[in-house]
Amino acid sequence: MATIIKDTTNLTMIAESVKPDAKRRVLLPLVLVKEGITYRIYVNSFGQIFLDPQVNIPASEAWLFEDKAALALVDRGMVESANGQLVDRGSFAKYAKDAP
């Protein structure tokens, strides 16, 4: 299994003495709840529970994350863009088609 906890040196307690309700649910503080986030839940041998935030991507975009070569090219392009290594290719308006 891959490393789950990315930063063990900077843990912040955001709630103390939280108890499950009658249906064994634990409510997250509002500060943690963000729109569109789901969680993977992990537990270690000490009984500590970890929530790993996830976002969903459309199936039509999943190919990029499965194609390591394509993802590497996108990553490289993002780094180049962040470093100001841009090439102006002009307008692509002539290639645009009007929606039906």
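Shown above is the structure to which this text applies.
Please read all numbers here as calculations on a predicted model, not as lab measurements.

**Student:** Whenever I open this one, the layout of surface pockets confuses me. Can you help?
**Tutor:** The method is simple in principle: a probe with the dimensions of a water molecule rolls over the atoms, and the space it marks as empty is what remains. The calculated volume of the largest pocket comes to roughly 1,200 Å³. Among the secondary structure elements, those contributing two or more residues to the lining of the largest pocket are β1 (37–43) and β2 (49–55). With 5 residues, the single largest contributor to the lining of the largest pocket is β2. Considered class by class, the residues forming the lining of the largest pocket number 19 nonpolar, 4 polar and 5 charged.

**Student:** I'm lost on the pattern of salt bridges in this one. Help?
**Tutor:** When charged atoms on two side chains of opposite charge get close, those side chains can pair. This model, assessed by the stated rule, comprises 2 salt bridges. In this structure, the salt-bridge partner of Arg25 is Asp21, at a minimum N-O distance of 2.9 Å. On the basis of relative accessibility, which here comes to 45%, the residue Arg25 falls in the partly exposed class. Taking relative accessible area as the criterion, Asp21 reaches 30% and is therefore assigned partly exposed. In this structure, the salt-bridge partner of Arg76 is Glu80, at a minimum N-O distance of 3.1 Å. Residue Arg76 and its partner Glu80 are located together in helix α2 (residues 68–82), separated by 4 residues, close to a single helical turn.

About the thresholds
- Residues numbered from 1 in each chain as written.
- Predicted model: local features only at pLDDT ≥ 70, side-chain atom pairs only at ≥ 80, totals over all residues.
- Heavy atoms only, no water.
- 1 Å grid on protein atoms, 1.4 Å probe; cavity = no way out; pocket = protein on both sides within 12 Å on 5 of 7 lines; lining within 4 Å.
- Points joined across faces, edges and corners; volume = space filled by probe spheres on them.
- Helix = DSSP H or I, 4+ residues; strand = E, 2+ residues; numbered from the N terminus.
- Nonpolar A, V, L, I, M, F, W, Y, C, P; charged D, E, K, R; others polar.
- Salt bridge = Lys/Arg side-chain N within 4 Å of Asp/Glu carboxyl O.
- Buried < 20%, exposed > 50% of the residue type's maximum accessible area, 1.4 Å probe, protein only.

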